[in-house]
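Take a look at the letters that make up each chain.
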Amino acid sequence: MTRIKTCDTLAKVGSPPSTTDNGSALSLPSLGTVPPSNSVVKATEQKKEGRMAVCVSFMRKLVRRKIFTDDDITETNLNRCLTTLDLIGLGIGSTLGTGIYIVTGQVAKETAGPSVILSFLIAGIASAFAGMCYAEFAARVPRAGSAYVYSYVTVGELMAFVIGWNLLLEYIIGTASVARAWSTYFDSLIDNKIQNFFRENLPMDVTGLSGYPDFFSFCITLLLTGVLCIGVKESTRFNNIFTCVNLLVITYVVICGFFKADLSNWEIEPSKVPEGSKAGSGGFMPFGFSGMMSGAATCFYAYVGFDCIATTGEETKNPQRSIPIGIVVALLVISLAYCSIAAVVTLMCPYYLVDINAPLPFIFDRVGWGVARYIITIGALCGLSTSLLGAMFPLPRVLYAMGSDGLIFRFMAKVSPRFKTPLIGTLVSGVFAGLMAMMFNLDELVDMMSIGTLLAYTLVAICVLILRYEIDDNLPKMNSLVKMSRTSLLDFEKQPFRMSYLIKPPSNSPTEMSAHIAKVSVGVMCVVITGFSAFVIFLDTALMERKVWAIAVATVLGALILLCLTFIICQPQNTSALNFKVPLVPYIPALSCVVNIYLMLKLSAMTWLRFGIWMLIGFAIYFLYGIRNSEEGAKRRLRALPTVTNIDTSTETGPEIEDFSRSSSAIGFNCSEPSDRDDWRKRPINNSEKQPLLGADKND
């Protein structure tokens, strides 16, 4: 009889035999799956926790926010020399260029007719919404970088990089397009001799490139790059002189134009409109209300440029006062100039006769004032020069801010000790913009400039909403924002959420719960606004045909927007004192979001494709370089150092400590010799109190 060992015996002896005593195969009863040992289970769990910790750490890096202390707000390597008048001149000069001398005639003849004056007024109001949001943020965070810095202290690092990268695109293409316009306008005054010479001797028959290399625009860009390099005060002095000349010419045009104004040009009968001219139906709104609104969308881009004032936070003597005043006053003057010129153009001449390439010289020639052509030409060249300077001015400042933070290559932030300007960033950006102006046909690329601008406007409005409902009473000190976020989990445990808090918050002052409700409501509102705008744009035919399902969907989306806005309104606002605050919050920032998102979605598919390619290049730089060299990341690792205590140096030595020491030294601290009070190497070891070397700060 075959003898089989029992399970108890097997446990004592070891592995069960595979055969019987006579060599035949042994058939054992199934003992089930042997459970893994505790060490295996523990190792598996540790691997899962390790992978989870890596993911969490990576996500925290993407949303880490920049911390400003009081010293950071005032200290800078740049030269603080700009006054309020300098900022007003910079804002006006960077904006009053092509909008005055070209866009007015184009919109009047092809889109809006005499109602172009209302188009400029509506566009000015929409720009004022964004301008006021910029002004409040400048009062909170007076640093170089404009919307890039504003989003860094509010939303997080990744979104800040996206905004900064798009601002670079906006300013590069803006510089190149204005340089090309300057060259083309000047060439037209000398019978296109420059264009004809290069087309004959250096033709370029390549799709997407210019028909000839425009060396003149390249030289103009390099000339103004040199002006920007030698000092910010010298640059603004140049800008102020040319802006004054431009404003004098505009004043001359307006005063003289009203002497020849004819109100009947605003009341043209349909029978007098030339047939087949695509000139509408006459009257004040020959293209209807939709034409006037379409003209407002075009005129909105004529206001792009005032945001360069927000990049001067580290070069202004009193930025928290001067920047808000500069933005508001500049927008008022710009709006007045645009509306006045629009009125003169449409009152002096029937809208369908306006020359879209040179409207002002044409209308004065038509009334017999040919001498005005030369005066207008001087103003146009001065206006285009200041627009070119205004487009170039913020570009090295954004490069400086991003390079200082380590998100792009740090050499871009190097400041000249002699001129106190970001010399390398200015030279690199000037040469790159000049090459684009020389080589590329920019007609199809100008829309890409609009995406960066509108995205920046949108995010600044969102940031204003977020900060207005935060709990800290001293928000200009940005350090408090981070302190609040570190205690948020504990605050939520103390104050559980209730549905009634959406309408009736538990306190009349901001709490962590009310701030969280406001943030979530703002986020949901922006998503719904995007859906609503896309629906209105891409399914406008169904809405015009009054289909029930289309009206129902639009109504539901509109109701959701109003519901989110209601939740925001019900939350208590922060009452901290600032030099400037946006009035009518949350209405104005919300309207700014609606306008900007709608205009972004109106851009063409090719524009979005080019935008996607540009963003892929940016993400490659950020994830391969920026995320590892972030100055804010290094500071957080340094702040974690005091919490590192009682580590057994006999078992946990070397690499981590040396790594950390190197990262600390990189930002100016010496961790090689700790003080006696903090010399953790000499302390008794208590294994129960061991902590990991890095990551003691849970928000790292």
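Remember, predicted model here, so these are calculated numbers, not experimental data.

Reading the values: the criteria
Residues numbered from 1 in each chain as written. Predicted model: local features only at pLDDT ≥ 70, side-chain atom pairs only at ≥ 80, totals over all residues. Heavy atoms only, no water. Phe/Tyr/Trp six-rings, centres within 6.5 Å; stacked < 30°, edge-to-face > 60°. Helix = DSSP H or I, 4+ residues; strand = E, 2+ residues; numbered from the N terminus. Buried < 20%, exposed > 50% of the residue type's maximum accessible area, 1.4 Å probe, protein only. Lys NZ or Arg CZ within 6 Å of the ring centre and 35° of its normal. Salt bridge = Lys/Arg side-chain N within 4 Å of Asp/Glu carboxyl O. Core = buried A, V, L, I, M, F, W, Y, C linked by side-chain atoms within 4.5 Å. Contact = heavy atoms within 4.5 Å.

(A) Representation of the packing of aromatic side chains within the structure. As enumerated under the stated definition, the model contains 29 aromatic pairs in all. Between Phe 198 and Tyr 212, the aromatic rings sit 6.5 Å apart at their centres with planes inclined by 10°, giving stacked as the arrangement. With a gap of 14 residues between them, Phe 198 in helix α9 (residues 193-201) and Tyr 212 in the loop between α9 and α10 (215-229) connect regions that are remote in the sequence. Given a relative accessible area of 14%, Phe 198 falls into the buried group. Seen from the ring of Tyr 212, Arg 180 lies directly overhead, with NZ or CZ sitting 5.3 Å from the centre. Lying over the aromatic face of Phe 393, Arg 397 brings its terminal NZ or CZ to 4.1 Å of the ring centre.

(B) Quick peek at the pattern of salt bridges. Applying the stated criterion across every chain yields a total of 8 salt bridges. Put simply, Asp 214 and Arg 180 hold a salt bridge, and the shortest N to O gap is 3.5 Å. In this pair, Asp 214 is assigned in the loop between α9 and α10 and Arg 180 in helix α8 (residues 157-189), connecting sequence segments 34 residues apart. Residue Asp 214 shares its accessibility class with Arg 180, and that shared class is buried. In this structure, Lys 519 engages Glu 470 in a salt bridge whose closest nitrogen and oxygen atoms are separated by 3.3 Å. Note that Lys 519 is positioned in helix α21 (residues 512-538) and Glu 470 in the loop between α18 (446-468) and α19 (479-486), a separation of 49 residues in sequence.

(C) Just the nonpolar core, in detail. Core analysis: the biggest nonpolar cluster contains 157 residues, and Ile 100, Phe 120, Tyr 134, Phe 137, Tyr 148, Leu 360 and Met 525 have the highest contact counts within it. The greatest single-element share of this core, amounting to 16 residues, is contributed by α8. Beyond its immediate sequence surroundings of up to four residues, Phe 137 is in contact with Tyr 150, Val 153, Thr 154, Val 460, Cys 463, Val 464 and Leu 467.

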